[in-house]
Number of protein chains: 4
Amino acid sequence: MKIGFVGLGAMGAAIAKNLVESGHEVRVFNRSPARAEPLRAVGASVATTPAEAARGAEIVFTMVSDDAALTAVTYGDDGILSGLAKGALHVSMSTIGVATSEALTAAHRDTHTGFVSAIVFGRPDAAAARKLFIMAAGADEHLKVAVPVLETLGQSVGIVGAEPAQANLVKLIGNFMLSVIVETMGEACAVAEKGGIDPSRLVELLTNASFNAPAYKIYGAMIAQQRFQPAGFSLPLCQKDNRLMLAAAETLAVPLPLASFVHDRFLAARARGAGPDHDLSALALCALSDAGLVRE
Amino acid sequence: MKIGFVGLGAMGAAIAKNLVESGHEVRVFNRSPARAEPLRAVGASVATTPAEAARGAEIVFTMVSDDAALTAVTYGDDGILSGLAKGALHVSMSTIGVATSEALTAAHRDTHTGFVSAIVFGRPDAAAARKLFIMAAGADEHLKVAVPVLETLGQSVGIVGAEPAQANLVKLIGNFMLSVIVETMGEACAVAEKGGIDPSRLVELLTNASFNAPAYKIYGAMIAQQRFQPAGFSLPLCQKDNRLMLAAAETLAVPLPLASFVHDRFLAARARGAGPDHDLSALALCALSDAGLVRE
Amino acid sequence: MKIGFVGLGAMGAAIAKNLVESGHEVRVFNRSPARAEPLRAVGASVATTPAEAARGAEIVFTMVSDDAALTAVTYGDDGILSGLAKGALHVSMSTIGVATSEALTAAHRDTHTGFVSAIVFGRPDAAAARKLFIMAAGADEHLKVAVPVLETLGQSVGIVGAEPAQANLVKLIGNFMLSVIVETMGEACAVAEKGGIDPSRLVELLTNASFNAPAYKIYGAMIAQQRFQPAGFSLPLCQKDNRLMLAAAETLAVPLPLASFVHDRFLAARARGAGPDHDLSALALCALSDAGLVRE
Amino acid sequence: MKIGFVGLGAMGAAIAKNLVESGHEVRVFNRSPARAEPLRAVGASVATTPAEAARGAEIVFTMVSDDAALTAVTYGDDGILSGLAKGALHVSMSTIGVATSEALTAAHRDTHTGFVSAIVFGRPDAAAARKLFIMAAGADEHLKVAVPVLETLGQSVGIVGAEPAQANLVKLIGNFMLSVIVETMGEACAVAEKGGIDPSRLVELLTNASFNAPAYKIYGAMIAQQRFQPAGFSLPLCQKDNRLMLAAAETLAVPLPLASFVHDRFLAARARGAGPDHDLSALALCALSDAGLVRE
């Protein structure tokens, strides 16, 4: 299949490589061209604009950092929509807001192209190993085309619904749940430590029992050791998702007190010196600091 | 081994039966004697007081509903301490507060008996199937006696530390984490539903991906369906544990904002009509109601 | 003085009328022209565009509902900036966001006009009686012109600083404080009522003692009586201010947990049926409802 | 009138002195006797037990630090109840919990003595100047005796209701409101300071406008200057009242999210080093610290 791929960060590069290795004819684009070279080395061709990556493709995938980046590569003279043929498909894998997704859905409908949101849970190593959990939403006719390709990229593809934005909402909910887990483990480790229990032992005990979701283990271990760097999931990126979640919830008139609380923790973590080099786990700095436990 | 067992609720009865079936000589006590009959039927003897259950036993187990019940069966003329021989062991499996546990530890030390806290994660069916996760804390010499028996009652026995109260704190932390999961799923289902996503589908998608801890599945499904009865883990019992968690954290000078928030949810759930017949999942009534979603 | 006045809602009309009655030559503009007629009747002239209101004026005042409205009357061919002479002054009295105020400051600087934010505390009756509390910020040279006129419009004019946006921030802080007072009185009335104390009596006792700020009296009485209509300060308008406060605080990296909490209350109040016809006091519906106290 | 007075802290001493100066025959008791000497100097007699202070008195007043202290001076062989004549009155001015007040009410009824709660708002200087706001609750027949005396001690005496505990609840509500004001001003000063506004100027502007309740001025000024010592209203004393408020609200099934939030702030302030020498204003350390603003 002729495939375009826009956005070669750690996640995008791993997915694009898998598409090449599956035998697809892949043309890639990345804003900073150096990141395209490893893909060229494995057999992809390299476009100089998103439009060029989209031209002639049956599907163009995008995996970029935020709403602004996706908007930038989609619209305008050099954008995907100016290259994508009628009837072809844009599969958006980025974590973006509900309103942006709805606007993109409308813009593609207007240009007689298809738009599918196919969000992913998993980190770059899971992407490389085709172990992502993928959740897709879009019109049936578009899913029919996208899903078989998506199934080669992860361990499962769940269908959320007919509106692309619904998949984006699920992704935001998932990241909201992650942030709550981090806060929970921060509070749990704080009270354990002051109660005389080694927090690493606490995490080990609980995650060997029924709190066995990976996030409890991964973030629990980092928090217990007060290891907040390097950034696996960068703090400001997750803060952005918190912002998108709150915006979507406000539009839907749904109070999310836990998300509001986490919003404040993101700001307080920043005041405590956590920045782009810090992992989401650094959110727990607040709970630890409030208990007088932060080790310098 | 000669074993006493006090407290034959759903959990206690299942554990006591396993002890009988393992070949121990078990003498049981329960405040309302009718619940002792099924144990007599499988071979246990029945005591008329906790002291009598403890007399002659190498270990007396207790599995009762709260601090007051444990205090009542331990102290006084008819209490465990008046029957338990010097050098014998009291293994407390109840979910109780840190301060009560510390007081019991001291009282047993004063009477030259041993006290071990061995708390459990799992429900009655897990207890019956010897699938509990057990976490124990106490002096080494007491753990040496208790752990081999505990290992026959669950799938794992984790050692928390040398102070019995530490195991109780871990249990309270675990139940705190459960309550946060329920609140999280309440908010998640609320925003999903108003975003056009069937909440049951949301739960299915997320728990088939990386949010795969059993509590997400169990409570998520109940919340998605607004099924808050019957009570698996009764709302007031879990509220009691929230109270014990906040009390322990206050003594340790650890703010637990998530626990404080959940404290308010328990009270609001009560105002919305949830009571002893409601499951912990009914905590989510608040998030759903605040979004205008509660179905009558 | 030749004065333009844009925005003739309840507040704007009262202020504009005072300017006319002070002997200034006032030309007014309002989007819906009917509201200009009462001003014409007392001696103002009526412009058909904001630009026309600004043309020839030494000062043009604006008092509109939100950032979008102020932006709309300021920019564009018909906007204030296209009519305002070099060296003349725009005194903005609206409650707007910090970022919008900063953008307006820059735009006026670029066109060699002056921009002053002069926000007000007080309701329309206070405006009519020249009893407003006014707080102004801007460059000294601009304040020198604006303050003498402002002093005729209220009981005091406080100078906040040299950046117009600082006055806007003070207004947002004030409205944030109001919203916290409403929530506080909601919780206070709820616990009093369930404790057997008539909430109106509670409010009377506390506000006759040291809790004597007007907001405690006004909102306290409304909440005690569960009287949430008509809207003095409309719920969605105050929700807008909460949004602006949170946005400003996020930019400044300041967590405002009380504002975040109130944000959720606004959403929950909406889910309980409160809308534009409801007063800010309706925020207390949440505290009352969470205690099972809302009377239908 | 023959009056007993138990508890000669700063408040109690000022009130007792006023009673002496009004011509009453006053017999005082204080746990540490040195504090009784200044009262002896102005004409009071000094008792060696609370019972002795109560013996022969028509009214015995108590003004002690907490529930435990009041319980200690009331019950037992040396306690007020063992000295107080049938038909005589105990007027309790301490800030105590609802449950303790209810228990005391019952105990006095059982001994055919009267019990009135007469709580006060105001500090020691207000007590000395007979400027307290007093709020009393109790049976009509007891209020008839107590109120005329109380009226000489403050600027007003408000009647709350027939149950003494209702006055205690009003006092707890008032202190809850104070704590929210402190948190509010902490957040307000934090966002102002990072927005370039001198927080002292902010407080001055707002309290000269409609936020003119004394607590805004007093606590606002302290917070703006980060002046948290010496303790006017000691942090742990106010934390005790927060605890009593939450306990009363839990019994009444009323969620008080602001009080819960403040509860966490008390604990975090402690972790930041605030203790008995710190004023309630130190609660704002948390908001300032979360914004990165605490000056060492």
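Thresholds applied
Residues numbered from 1 in each chain as written. Chains lettered and ligands numbered in written order. Predicted model: local features only at pLDDT ≥ 70, side-chain atom pairs only at ≥ 80, totals over all residues. Heavy atoms only, no water. Domains from an automatic or database assignment. Contact = heavy atoms within 4.5 Å. Buried area = accessible area lost by both parts, 1.4 Å probe. Helix = DSSP H or I, 4+ residues; strand = E, 2+ residues; numbered from the N terminus. Salt bridge = Lys/Arg side-chain N within 4 Å of Asp/Glu carboxyl O. Polar contact = N/O pair within 3.5 Å; in protein donor to acceptor, adjacent residues only side chain to side chain. Nonpolar A, V, L, I, M, F, W, Y, C, P; charged D, E, K, R; others polar. Least-squares fit on C-alpha atoms with pLDDT ≥ 70 in both. Buried < 20%, exposed > 50% of the residue type's maximum accessible area, 1.4 Å probe, protein only. UniProt positions renumbered as here; feature names shortened; annotations may be inferred.

1. What to know about the domain arrangement of chain A
Quite often, the size of an interface is put as the accessible area lost when its parts meet.
All names here are of chain A.
Move 1: What the domain assignment lists for chain A is domain 1 (2–162) and domain 2 (169–290).
Move 2: Here the C-alpha centroids of domain 1 and domain 2 sit 29 Å apart.
Move 3: Contacts between the two partners involve 13 residues from domain 1, matched on the other side by 12 residues from domain 2.
Move 4: Summed over both partners, the interface of domain 1 with domain 2 buries about 950 Å², with 74% contributed by carbon and sulfur atoms.

2. Focus: unusual backbone geometry
Move 1: Omega for the bond connecting Gln229(B) with Pro230(B) falls within 30 degrees of zero, at -5°, which places this linkage in the cis form.
Move 2: Within the secondary structure, Pro230(B) is located in the loop between helix H11 (214–224) and helix H12 (235–251).
Move 3: Although it is not a glycine, His112(A) sits at a positive phi angle of roughly 55°.
Move 4: Residue placement: His112(A) occurs in the loop between helix H6 (98–110) and strand S6 (114–121).

3. Structural notes on the interface of chain B and chain A
Move 1: In this complex, chain B contributes 54 residues to the contact, which on the side of chain A involves 54 residues.
Move 2: Here chain B packs against chain A, burying approximately 4,500 Å² in sum over the two surfaces, 78% of which is carbon and sulfur.
Move 3: The interface formed by chain B and chain A holds 0 salt bridges in total.
Move 4: Seen at the junction of chain B and chain A, the total is 11 residue pairs in polar contact (both at pLDDT 80 or more).
Move 5: Classifying every residue of the side of chain B that touches chain A by side-chain character gives 39 nonpolar, 9 polar and 6 charged.

4. Quick word on the relation of the copies chain B and chain A
Move 1: For the pair chain B and chain A, the relating rotation is 180°, the translation along its axis is 0.0 Å, and the fit reaches an RMSD of 0.0 Å. Such values leave the two copies arranged in the relation of a two-fold axis. Considering only C-alpha atoms, the residue of chain B closest to the rotation axis is Ala213(B), which sits at 2.4 Å.
Move 2: In this assembly, 100% of the residues forming the interface of chain B have copies in chain A that are likewise at the interface, indicating an isologous arrangement.

5. Quick word on the pattern of salt bridges
Move 1: This model, assessed by the stated rule, comprises 36 salt bridges over all chains.
Move 2: The partner of Asp241(A) in a salt bridge is Lys240(A), and the shortest N-O contact between them spans 3.2 Å. Of the two residues examined, Asp241(A) and Lys240(A), each falls in the buried class.
Move 3: Of the charged contacts in the structure, one is a salt bridge between Glu183(B) and Arg265(B), with a shortest N-O distance of 3.0 Å. Highlighted residues: Glu183(B) in helix H9 (residues 164–194) and Arg265(B) in helix H13 (residues 257–271), separated in sequence by 82 residues. Judged on exposure class, the residue Glu183(B) and its partner Arg265(B) are both buried.
Move 4: Among the ionic contacts, a cluster of salt bridges with common partners joins Glu183(A), Arg265(A), Arg272(A), Asp290(A), Glu183(D), Arg265(D), Arg272(D) and Asp290(D).

6. Some thoughts on the UniProt feature "active site" (unreviewed entry) in chain A
Residues and elements named next belong to chain A.
Move 1: Summarizing the sequence annotation, UniProt attributes the feature "active site" (unreviewed entry) to Lys-171 in the numbering used throughout.
Move 2: Looking at the element boundaries, Lys-171 is found in helix H9 (residues 164–194).
Move 3: In contact with Lys-171, other than residues within four places in its own chain, are Thr-95, Ile-119, Val-120 and Phe-121.

7. Some thoughts on the side chain of His24(A)
Residue and element names in this part refer to chain A.
Move 1: Structurally, His-24 can be placed in the loop between helix H1 (10–21) and strand S2 (25–29).
Move 2: Using a relative accessible area of 18% as the deciding quantity, one classes His-24 as buried.
Move 3: A polar contact of 3.3 Å, which involves the side chain of His-24, links it to the backbone nitrogen of Met-1.
Move 4: Not counting chain neighbours up to four residues away, the residues in contact with His-24 comprise Met-1, Ile-3, Leu-19 and Val-149.

8. Observations concerning the UniProt feature "domain: 6-phosphogluconate dehydrogenase NADP-binding" (unreviewed entry) in chain A
Move 1: Following the UniProt record, the feature "domain: 6-phosphogluconate dehydrogenase NADP-binding" (unreviewed entry) maps to residues 2–161 of chain A here.
Move 2: Helix makes up 40% of residues 2–161 of chain A and strand 26%, and the two end C-alpha atoms of the span are 26 Å apart.

9. Here we look at the interface of chain D and chain A
Move 1: Residue-level contacts link 8 residues of chain D with 8 residues of chain A.
Move 2: Roughly 500 Å² of surface becomes buried between chain D and chain A when both sides are summed, with 47% attributable to carbon and sulfur atoms.
Move 3: By the criterion of area lost to chain A, the three top residues of chain D are Ala271(D), Arg272(D) and Asp290(D), representing 67% of everything that side buries.
Move 4: A salt bridge links Arg272(A) to Asp290(D); the shortest N-O distance between them is 2.8 Å.
Move 5: Counting across the chain D and chain A interface gives 2 residue pairs in polar contact (both at pLDDT 80 or more).
Move 6: Within the residue set of the side of chain D that touches chain A, elements represented by two or more residues are helix H13 (257–271) and helix H14 (285–290) of chain D.
Move 7: The biggest single contributor to the side of chain D that touches chain A is H13(D), with 3 residues.
Move 8: Its residues assigned to classes, the side of chain D that touches chain A comprises 4 nonpolar, 2 polar and 2 charged.

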